[in-house]
Amino acid sequence: MKKIPSGVTAPKGFLAGGLHCGVKNNHKEKKDIAMICSTVPCSAAAVYTQNKVYGAPITVTKKNIADGMAQAVVCNSGNANTCNADGVEKAQMMCELTAEALGLKAEDIIVASTGVIGQVLPIEPIAKGIAALAPILSAEGGTDAAEAIMTTDTKAKIEAYEIEIGGKPVKIGAMAKGSGMIHPNMATMLGFLTTDAAITSEMLSKALKLAVDDTFNMVSVDGDTSTNDMVSILANGMAENPVIDAEGADFDLFLSVVKEICTSMAKQIAGDGEGATKLVECTVTGAPTIPLAKAIAKSVITSSLTKAAMFGADANWGRILCAIGYTEGDFSVDEIQVDLSSAKGSILVCQKGAGVEFSEETAKEILLEDEIHIEIAMKQGEAAATAWGCDLTYDYVKINGDYRT
C-alpha cells in the first residue's frame, strides 16, 4: 500500500471539478457545486445517517443505487435541502440536470447536499452550475471538487492510495467534508470514494460498511448527528484485476485500504472541527468486548468537559474517568490506567482507577501540541478501539451562534 497524490481522480477513468454557482450567494469566492464522473458505469454503495430527519438527497440516492450501479456524483454546499416540501423534487432535478449534461441516465447519479437545514434549495443557480461544470471535468479537478463541498471546513480533505490486487495496480481516492454537526451514526459529514477496482456491488457495500464502522462512525466533534451524512463509493473496474466477488485475500486487501483511507478522512474531519485547535485521539485497549471499547472511546472524545480540558492543556484526568464511568456496559473501573501523550512525550495520570503523582508542567507541555492521544488501558479483556475528536473552544460557539443568519 502506498500513498499517492490527488484524491477522487487518482483511479483510472474518473474526472471531477467544482465551481461557484450561486447557492452561497454571500460568498462568491467560494465554490458550491461539485461533480465526479466515471467514463464507464460503476458498482456503487453508500451508507447514510441514522437520523430520523434526513435530507431529500438521501431519499433519491437510495432509490438510484438500489440496483448497485451509478456513474456520477453531484453535490452542492450552502444548502442541505432538508425539511423542504419540494426537497425530493429538487434532488431529482439535480440528477436529471447532471444526467443531461453528462449524457447519462438520471437513475445513475448520486446526489448530495450540505449546508443550512430548512431553507428552500434554489435550483436555478445549480442548473447553471451543472451546465458550466460538466464540460470542464478533468483528471486534475479533484481538489476543486473537494473545495466545492466545504461549508465551515477550513481545508479540503483528500486522499489516495495504490495497492496491487491480482497483479494489477488498483487505486482508491477520496474526498470528504465535515467540521460541525459531526457525530455520525450510519456529521454535517459527506464522504465520496472512488476506485478502479473490479468488485461487485455486494462486496463493495460490505467493505464500505465494515470500514465506516471503525472510522467515520468513531468520530465526534460536537455530539450532533447530521441529517445529511452520507459516504458513497464508486468502483469502475478499469484496473482490470480479477473481480472481487467473495471474501478472501483480495477482499481483505481491498478492505484494508478502504479502512486506511477512511481513517485518514475521519482524522482530517476531527482535526478540522469547528473552532478546533487540536485533534484528540482516544484509544481503548484491554476491554471486555469491541462494542464496549468503541463506546468508551467515543464517550471520552464526546465529553464536553474533557474537550474543554484539552483546549486548556489541562491534564484533568478525572473528566476522562467520569466519561468512562457513565458509558453503558458491564465493566470495572478498578484497574483502569490512563496515559496522555503527544509529540512531546507521554505521562501517566491515572492507575488502578485512581490518581498518581505527575508533573503538571510536563503534562501541560504534552497537551499544548496540536495532536493529543488519550490512552486508556482497561485490563479486562482483549478488545480495542480508537475514536477521534477535537477540543472545544470559544470559536465553536462563535461559529454556531449565528451560522444561519
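In what follows, the structure referred to is the one given above.
Model, not experiment: these values are computed from the prediction.

Procedures and definitions
Within every chain, residues take consecutive numbers counted from 1 along the sequence as written. Reporting in this predicted model follows two pLDDT cut-offs: at least 70 for local features of residues, and 80 or more for side-chain atom pairs to be given and counted; totals over whole chains, interfaces and linings ignore these cut-offs and use all residues. Only hydrogens and water are set aside; all other atoms, that is, all heavy atoms of the structure, feed into the side-chain values. Here a strand is any run of E in DSSP of at least two residues, a helix any run of H or I of at least four, and the numbering for each starts at the N terminus. Between buried and exposed lies partly exposed: a residue is buried under 20% and exposed over 50% of the maximum accessible area for its type, with that area taken using a 1.4 Å probe on protein chains only. Here the rule is simple: two strands pair whenever DSSP picks up at least two bridges between them. Here a residue-residue contact requires only that any non-hydrogen atoms of the pair lie within 4.5 Å. Only the stretch in contact is used when a helix axis is fitted, and all axes are lines through C-alpha atoms; the angle between N-to-C directions ranges over 0 to 180 degrees. We call a set of buried residues a nonpolar core when its members are Ala, Val, Leu, Ile, Met, Phe, Trp, Tyr or Cys and they connect through side-chain atoms within 4.5 Å of each other. Multiply 1.5 Å by the residue count of a helix minus one, and that product is the helix's expected span. In this description, one arc is meant: the one made by directions from the helix axis to the C-beta atoms. Note on definitions: salt bridges are taken to be side-chain nitrogens of Lys or Arg within 4 Å of carboxyl oxygens of Asp or Glu.

This next bit is on unusual backbone geometry. Even without being glycine, S6 reaches a positive phi, approximately 85°. Take S6: it is sitting in the loop between β1 (2-3) and β2 (14-19). Note on S6: relative accessible area 32%, which makes it partly exposed. Backbone geometry places K379, a non-glycine residue, at a positive phi of 60°. Its place among the elements puts K379 in the loop between β14 (371-377) and β15 (383-390).

Looking now at the sheet that holds strand β10 (residues 279-287). The strand order β13-β12-β11-β14-β10-β15 describes an open sheet built from 6 strands, whose pairing is mixed. Looking at which strands have only one partner, the edges of the open sheet turn out to be β13 (354-355) and β15. Pairing of strand β11 (residues 337-342) with β14 involves 5 bridges; the strand directions are antiparallel. Its bridge partner being in β14, S341 is matched across the sheet by H373. Strands in contact with helix α7 (residues 290-302) are β10, β14 and β15; relative to β15, the strand with the most contacts, it is inclined by about 20°. Here helix α10 (residues 360-367) sits on the sheet in contact with β11, β12 (345-351) and β14, set at roughly 120° to β12.

If you trace the backbone, Q92 turns up in helix α2 (residues 87-102). What Q92 contacts, discounting residues up to four positions off in sequence, is V60, K63 and A106.

With 13 of its 16 residues buried, strand β3 (residues 33-48) lies for the most part within the structure. Across 6 bridges, the pairing between β2 and β3 is antiparallel. By the bridge assignment, L15 is partnered in β3 with C37. Taken together, the 7 bridges between β3 and strand β4 (residues 69-79) define a ladder with antiparallel strand orientation. Residue pairing across strands places I33 opposite N76, the latter belonging to β4. Pairing analysis gives 6 bridges linking β3 to strand β9 (residues 230-235), with the strands arranged antiparallel. Of the residues in β9, the one forming a bridge with S43 is A235.

Attention now moves to the nonpolar core. Counting 76 residues, the largest nonpolar core has F216, F254, V284, V338, I374 and I376 as the members making the most contacts within it. At 11 residues, helix α6 (residues 249-271) tops the list of elements feeding residues into this core. C75, F192, M230 and L234 belong to the second largest nonpolar core, which has 25 residues in total.

This part covers helix α1 (residues 56-64). For α1, every residue scored as buried is listed here: A56, P57, I58, V60, T61 and N64. Taken together, the buried residues of α1 touch β3, β4, α2, β5 (109-116) and β9.

Here we come to helix α5 (residues 201-214). Along its 14 residues, α5 runs 20 Å from first to last C-alpha, staying within 8% of the 20 Å computed at 1.5 Å per residue. For α5, the set of buried residues is S201, M203, L204, A207, L208, A211 and V212. For α5, the angular spread of the buried residues around the axis is 160°, confining them to a single face. On the buried face of α5, the contacting elements are β3, β9 and α6.

All chains considered together, the criterion is met by 13 salt bridges. Here E247 and K206 are joined by a salt bridge, their closest N and O atoms 3.0 Å apart. With E247 in the loop between β9 and α6 and K206 in helix α5, this residue pair connects regions lying 41 residues apart in the sequence. Here E281 and K267 are joined by a salt bridge, their closest N and O atoms 3.9 Å apart. Within this pair, whereas E281 is found in strand β10, its partner K267 is found in helix α6, the two being separated by 14 residues in sequence. Taken together, the shared-partner salt bridges in this structure form one network comprising D213, D214, K259 and K294.

By the element assignment, A112 lies in strand β5. For A112, a relative accessible area of 1% gives the class buried. Between the C-alpha atom of A112 and that of I149, which follows or precedes it by 37 residues, the distance is 9.4 Å. Not counting the four nearest positions on each side in its chain, A112 is found in contact with P57, V74, C75, N76, M94, L190, F192 and M230.

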